[in-house]
Amino acid sequence: KNEVEQSPQNLTAQEGEFITINCSYSVGISALHWLQQHPGGGIVSLFMLSSGKKKHGRLIATINIQEKHSSLHITASHPRDSAVYICAVRSWANFGNEKLTFGTGTRLTIIP
Amino acid sequence: NAGVTQTPKFQVLKTGQSMTLQCAQDMNHEYMSWYRQDPGMGLRLIHYSVGAGITDQGEVPNGYNVSRSTTEDFPLRLLSAAPSQTSVYFCASSYAGGSGNTIYFGEGSWLTVV
């Protein structure tokens, strides 16, 4: 079982719809990241969370540490939101070092 | 501020050849890491480092070497390339630990081994 599971793997929606992407993890973490990858490969960090909720424009990210679960919401979705959204967790690895583990991503397509 | 600079962007290698993917950051980040991204598998950690002189293996380290002689640079070496190493490679950096540690990625390196 992967340490980080995302759902759904693929999501197609109409412009304007409310979007939710979920991320569950099985390890203790110090932080969780949401990333966006557009066609062509560039990866951009959207949020870093260690508790609660963060909002940036139409994007909202929440995390429940007790349930080991995070969600990324997009309000009033737009075709330019079409991308792969990736969840990554920062956890403790060998010798007290930290490592990042990634989910496989959710491919979001917004249809005009 | 250049962020994370990763080179080359594209490379074709013959099986058995060696090469080094370069990664440099100018943000004084302690944490640097290399990932490969393959279709349907997401980003997988190859090697990472939490500071100069400290490296550790990730999920898929076989066939790759790294070193961290300075805070700024974290090169990834393929000693004898194999077709299974055909992939897109990303370097990333961030501050280690604590809050506010946004991850910054290089633009990716598309590697084909024939």
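Residues numbered from 1 in each chain as written. Chains lettered and ligands numbered in written order. Predicted model: local features only at pLDDT ≥ 70, side-chain atom pairs only at ≥ 80, totals over all residues. Heavy atoms only, no water.

### What to know about the sheet that holds strand β1 (residues 4-7) of chain A
Residue and element names in this part refer to chain A. Spatial strand order, β1-β3-β8-β7-β6: five strands in an open sheet with antiparallel pairing. In this open sheet, the two edge strands, each paired with only one partner strand, are β1 and β6 (52-56). Strand-to-strand twist of the sheet, defined as the mean angle between neighbouring strand axes without regard to direction, takes the value 15°. Note: β6 against strand β7 (residues 59-64), five bridges, orientation antiparallel. Residue pairing across strands places K53 opposite T62, the latter belonging to β7. (Pairing = 2+ DSSP bridges. Helix = DSSP H or I, 4+ residues; strand = E, 2+ residues; numbered from the N terminus. Axes fitted to C-alpha atoms, helices over the stretch in contact; angles between N-to-C directions.)

### Section: the state of the cysteines
For the coordinates displayed, the defined rule picks out two disulfides over all chains. One disulfide in the model links C23 of chain A with C87 of chain A; its S-S distance is 2.0 Å. Classification of the bridge connecting C23 of chain A and C87 of chain A rests on its S-S torsion, roughly -60°, and on that basis the disulfide is left-handed. Here the residue C23 of chain A occupies a position in strand β3 (residues 19-25), and C87 of chain A occupies one in strand β9 (residues 83-92), the gap between them amounting to 64 residues. Summarising the burial analysis for this pair, C23 of chain A and C87 of chain A share the class buried. What pairs with C23 of chain B in a disulfide is C91 of chain B, and their sulfur atoms sit 1.8 Å apart. In this structure, the disulfide formed by C23 of chain B and C91 of chain B twists by about -70° around the S-S bond and is classed as left-handed. (Disulfide = S-S within 2.5 Å. Buried < 20%, exposed > 50% of the residue type's maximum accessible area, 1.4 Å probe, protein only.)

### Notes on the interface of chain B and chain A
Between chain B and chain A, the contact holds 24 residues from the first and 20 residues from the second. Contact between chain B and chain A buries roughly 1800 Å² in total, counting both sides, with carbon and sulfur atoms accounting for 59%. Ranking the residues of chain B by area buried against chain A places L43, I103 and F105 of chain B at the top, with a combined share of 27%. Counting the contacts that link chain B with chain A gives zero salt bridges. (Contact = heavy atoms within 4.5 Å. Buried area = accessible area lost by both parts, 1.4 Å probe. Salt bridge = Lys/Arg side-chain N within 4 Å of Asp/Glu carboxyl O.)

### Some thoughts on the environment of R80 of chain A
Tracing the chain through its elements places R80 of chain A in the loop between β8 (69-74) and β9. Note on R80 of chain A: relative accessible area 55%, which makes it exposed.

### Topic: the sheet that holds strand β1 (residues 4-7) of chain B
Residue and element names in this part refer to chain B. Pairing within the open sheet is antiparallel, and its four strands lie in the order β1-β3-β8-β7. Each of the sheet's edge strands pairs with one partner strand only, and the pair in question is β1 and β7 (64-66). Neighbouring strand axes in the sheet, compared pairwise and without regard to direction, differ in orientation by 15° on average. Bridging between β7 and strand β8 (residues 76-78) involves three bridges; their strand directions are antiparallel. Pairing of V66 across the sheet is with L76, part of β8.

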